[in-house]
Structure formats: structure tokens, C-alpha cells
Amino acid sequence: MMEGKTTEFKREYVDDIRYTVVAFANTDGGKIYIGINDDGSVQGIDNVDDVQLRITNMIRDSIRPDVTMFTECSAELIQGKMVLVLTVQRGTARPYYLAGKGIRPEGVYLRQEASSVPASETAILNMIKETSGDCYEDARSLNQQLTFCKAEDYFARHNVPFGESQKRTLGIIGEDGMYTNLGLLLSDQCVHTIKLAVFEGSKKTTFRDRKELSGSLLAQLEEAYEYINQFNHTRAEFSGLDRIDKRNYPQEAVREALLNAITHRDYGFSGPTLISIFDDRIELVTIGGLDRGLTFDDIMLGVSVLRNRKLANVFYRLKLIEACGTGILRINECYADCEAKPLFEVTDNAFKITLPNTNFSGEAEEKKPVTQSKAVSKKDRQAAVLQLAKKQGTIVRKDVEAALQVSQATAILILREMVDKGVLVKDGAGKQVKYKLVQ
């Protein structure tokens, strides 16, 4: 006999045998002969029962997940001497790793020829994908040292149990008894973040404030909403003797957009969720485009295919979401009586929601100091819009934005004032609205 990819010789029992057990379980299985020298000569062992017990304890205590069902230790008589043969099959819950090392290259081993070598991160991720499928939530978390202080507090405040059995039911703990990526997302060690930035004016030129949120997604959700709320100011209007308070952004729209960004993002990518707050709008950019088979028109009609089904189920139990596919519709309903409408944009790998500031007048932007070459009065702007209307016959808001290089809110303000003056007439409503000169 010779050592090879599926054969290992050990003169006597040593704790390092566990490396070979992990490597065999992660590769194609194999046999470890205890009592045979490296050159293949049989030495034998005397204390068979004692060594057999040590091997059993080592496998149970040192290797995760449980690989005992894929191992068998038996005694054989070879050349008149007793030898222990430890048979290891290829496991179904790969990657197997050393409990004290974790799911890292120093804890995960593979078999290469006659050696057991550390697995690369790519190999580890491939094993996880192979055993867990393409679903990110169900895959085993690389970090198994997870804590749930924030999640436990959040569940307790909502009177929802969060014990060991609930973690298994929700999918935080997988069938193999290990934490899943869903567990990672809800844990205090979550590696995915939300980056928030507040800008001066309507462009990304001057920062007013910025913040990055980390930890449990439940903590990030609360902190992000509170942060946005600081800049969601209230404007008071009067109707007769009645005072009417109006927020810059409908609170329900902010809530739904934020929940959409967290529940639908693709956590297989490491980039953060981006939230940008301007004077005239809030933009939320989420990694991950539409799920396979969906179109933009589908989601605008309320069709929803959950990318993170189990995360959404957690949010449902916590009464953060009520039903699938209603978020976009609710955001649109919040702006039903507003001229400025939410904007939804999709690429192959990103989803962007823009919420317009319903109280933005554009006056503050016009009062900002500008260079002489860029200084344009309200009268000049309206004159330019008149020329454009004469040339094209009819114009839409985007024509004004492009011609004057202004934001959506400013273009709406200009068109509204010209309609009030009787210079332009408004034709249609919603997305079909057009403007033309008064005859």
C-alpha cells in the first residue's frame, strides 16, 4: 500500500489526524490507517480500544458540522498486527472545518495528492454554494461566532419569541445546526452596511453630513429611518384659521422605500446600500436589479418575487411589512396629490428610488451665489421655456430640465408659475402631462 489522495498512514494516533479527516470529508473521502509507517510497513498498535475512543471523541468535538455519520473506525489484522482503519466518506454539508478555526482557510482543508492543504476562500465559497444552492440566505455563514443582542431586543419589543426553536424555524439556524447567512444579516456581526450622505443643494458637490451604519439589519433599519427623519422637515400652511403641517417627504413613503432597499437587495455583493439626501429629493440605491423573469412594468403593477424570502418573512413577523408587492404602490399613493412623482430606475445590477421633496420650491437654490456666467434670472428661464414651446409645439417637464440644466422640482416650479400666469396651458395629467402655448 502507498499513501495517496484517499489513503493516509499514521504510525500512531496524534491529534493532527483531524486535519486529514476534514480534508477527506471535503474532497472525495478516504481511509486513515493508524499503526502503519509512512513507508507502508506495518507497526500495529496495542491499545486499540483506547485509541478508538480518542478518535471518536476527536471527531465529535473538533470538527463542524457533525461528520460522525460519515466516519467509521474499525480494527483490522494486517500482517499479524492490529491496525485501526478510519474510513471517512465525502460529506453532504461541506465545507467541514476545525471548530477552533472557523470557516476560514486555516480551518478548512482539502486533499491534494497525498497531502491535506488549506482550502482557498474561493474553494470554500464554492463548497458552500454547492451544498446550499444559489440562495444566499440558506448558505452557511462564514462567521459562526454570531451574537444577536439587537435582534433579541427588537423581537422582545414586538412581543415575538426569539429562542433556539424560532431561529431554526425562521432559517437563522440551518438543518446542519450552523448559522446561515440569514443569521449573519440579523446578527450584530453583519458585514453589510448602509451609507447615508446629506448634500448641499441638488448636486453631489458639497457634503453637509455623512454616516455609515453597520450591525444587525434591524438596527440599521431603525437608525437609517431616524437619520432621514432629522432632515424630513415640516412646513406649516394655513387654510383659513386652520394650520396644516406637511412633511417634506411622506413618512410612509420613506418607510416603504427603506424597507424595499433592505429586503430586496442582493447580499451576495459586498457594496453598501446608498442613501443620498438633497434639498429637493432623497435617492436610495440598492445593489441588485430585478429578479429573473420580472420586468419594470411588472413591479410597477405590484408584482413581486422576493430575493430574500426568509428575511422578508422575519420582517413580516415583526409587522414591518404586511404583504408582498405593495411597497411601490404605496409609495406612489403617497404622492397621488403631488405634482412631483417618485422615480423608479432599474439596471442589471441596481435599483434606485427617488422621492421628491413635496415642500421644495426652488427658491433657495435660485438664491445661492453663482458665477456670472451661470447666473440666470427667473425671467430668463421662462423666456427660454417659451422659445422651446414655440419651437416644439408641446413640451414636457424633462425638456425643461435638459434645456435649463435644473432639477425636477425646479422645472415643475417654473412650469407651474407659467401656467398660473396664463402663458402656458397644461394638457393631460400624471406621466402624460404636456404643456403648450396659450392660443
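From a predicted model like this one, the values you see are computed outputs, not experimental measurements.

### Here's the deal with the overall build of the protein
Turning to step 1, where the next piece is worked out: For the protein, the count of helices and strands is 15 helices and 19 strands.
Turning to step 2, where the next piece is worked out: Over its C-alpha atoms the protein spans a radius of gyration of 32 Å, topping by over 25% the 22 Å that the globule rule assigns to 439 residues.
Turning to step 3, where the next piece is worked out: For the protein, the C-alpha atoms occupy an extent of roughly 110 × 45 × 40 Å along the three principal directions.
Turning to step 4, where the next piece is worked out: Buried positions account for 45% of the 439 residues belonging to the protein.
Turning to step 5, where the next piece is worked out: For the protein, contacts bridging at least 24 residues in sequence account for 61% of all contacts bridging at least 6.
Turning to step 6, where the next piece is worked out: Accessible surface for the protein amounts to roughly 23000 Å². Of this, 48% is attributable to carbon and sulfur atoms.

### So, the nonpolar core
Turning to step 1, where the next piece is worked out: Counting residues in hydrophobic clusters, the biggest one holds 56 residues, and the most contacted among them are Leu218, Phe315 and Leu355.
Turning to step 2, where the next piece is worked out: When neighbours within four sequence positions are excluded, Leu218 is seen to be in contact with Ala151, Tyr154, Phe155, Leu186, Phe315, Leu318 and Leu320.

### What about the side chain of Ser202?
Turning to step 1, where the next piece is worked out: You can see Ser202 is positioned in the loop between strand 9 (194–199) and strand 10 (207–213).
Turning to step 2, where the next piece is worked out: Among the residues examined, Ser202 registers a relative accessible area of 13% and is labelled buried.
Turning to step 3, where the next piece is worked out: There is a polar contact of 3.3 Å between the side chain of Ser202 and the side chain of Asp280.

### Some words on the confidence of the model for the protein
Low-confidence regions, as indicated by low pLDDT, have predicted coordinates that should not be scrutinised in detail.
Turning to step 1, where the next piece is worked out: Residues with a pLDDT of 70 or more make up 91% of the protein, whose mean pLDDT is 87.
Turning to step 2, where the next piece is worked out: Note that pLDDT drops below 50 for residues 363–375; the model gives that stretch 10 contacts with residues more than four away or on any other chain.

### With respect to helix 2 (residues 48–62)
Turn by turn, an α-helix covers 3.6 residues, leaving residues three or four places apart pointing in a common direction.
Turning to step 1, where the next piece is worked out: Between its first and last C-alpha atoms helix 2 spans 21 Å; for 15 residues at 1.5 Å apiece the expected length is 21 Å, and the two agree.
Turning to step 2, where the next piece is worked out: Within the sequence span of helix 2, burial applies to Val48, Val51, Ile55, Met58 and Ile59. The arc enclosing the buried residues of helix 2, seen along the axis, measures out at 95°, which places them on a common side.
Turning to step 3, where the next piece is worked out: Lining the buried residues of helix 2 we find helix 1 (17–26), strand 2 (30–34), strand 3 (63–64), strand 4 (71–78) and strand 5 (81–88).

### Remarks on the sheet that holds strand 9
Turning to step 1, where the next piece is worked out: In space, the six strands of this open sheet follow the order 10-9-13-14-16-15, with mixed pairing throughout. Among the strands making up the open sheet, the edge pair consists of strand 10 and strand 15 (343–346). Taken over all neighbouring pairs, the strand axes of this sheet differ in orientation by 10° on average, direction set aside.
Turning to step 2, where the next piece is worked out: When strand 9 meets strand 10, the two strands line up antiparallel, connected through six bridges.

### Overview of helix 4 (residues 149–157)
Turning to step 1, where the next piece is worked out: Among all positions in helix 4, only Ala151, Tyr154 and Phe155 are buried. All buried residues of helix 4 fall inside an arc of 95° around its axis, so they share one side. Pointing more than 90 degrees away from the buried face of helix 4 are the exposed residues Cys149 and Ala156.
Turning to step 2, where the next piece is worked out: Of the surrounding secondary structure, the elements contacted by the buried residues of helix 4 are helix 5 (164–170), helix 6 (181–186), helix 7 (217–230) and helix 10 (309–317).
Turning to step 3, where the next piece is worked out: In the segment just after helix 4, Asn159 is the residue with positive phi, at about 55°.

### Some words on the packing of aromatic side chains
Turning to step 1, where the next piece is worked out: Considering all chains together, one arrives at nine aromatic pairs under this definition.
Turning to step 2, where the next piece is worked out: Judged by centre distance (4.7 Å) and plane angle (35°), the rings of Phe199 and Phe207 are tilted.
Turning to step 3, where the next piece is worked out: Of note, Arg210 hangs over the ring of Phe207, and the distance from its end group to the ring centre comes to 3.6 Å.
Turning to step 4, where the next piece is worked out: A cation sits over an aromatic face here: Arg281 above Phe278, 3.8 Å from the ring centre.

What counts, and where the lines are drawn
Residues numbered from 1 in each chain as written. Predicted model: local features only at pLDDT ≥ 70, side-chain atom pairs only at ≥ 80, totals over all residues. Heavy atoms only, no water. Helix = DSSP H or I, 4+ residues; strand = E, 2+ residues; numbered from the N terminus. Rg over C-alpha atoms; globule rule 2.2 N^0.38 Å. Buried < 20%, exposed > 50% of the residue type's maximum accessible area, 1.4 Å probe, protein only. Contact = heavy atoms within 4.5 Å. Areas by Shrake-Rupley, 256 points an atom, 1.4 Å probe, with all protein chains shown as cover. Core = buried A, V, L, I, M, F, W, Y, C linked by side-chain atoms within 4.5 Å. Polar contact = N/O pair within 3.5 Å; in protein donor to acceptor, adjacent residues only side chain to side chain. pLDDT = per-residue confidence, 0-100. Expected span 1.5 Å × (residues − 1). Arc of directions from axis to C-beta. Pairing = 2+ DSSP bridges. Axes fitted to C-alpha atoms, helices over the stretch in contact; angles between N-to-C directions. Phe/Tyr/Trp six-rings, centres within 6.5 Å; stacked < 30°, edge-to-face > 60°. Lys NZ or Arg CZ within 6 Å of the ring centre and 35° of its normal.

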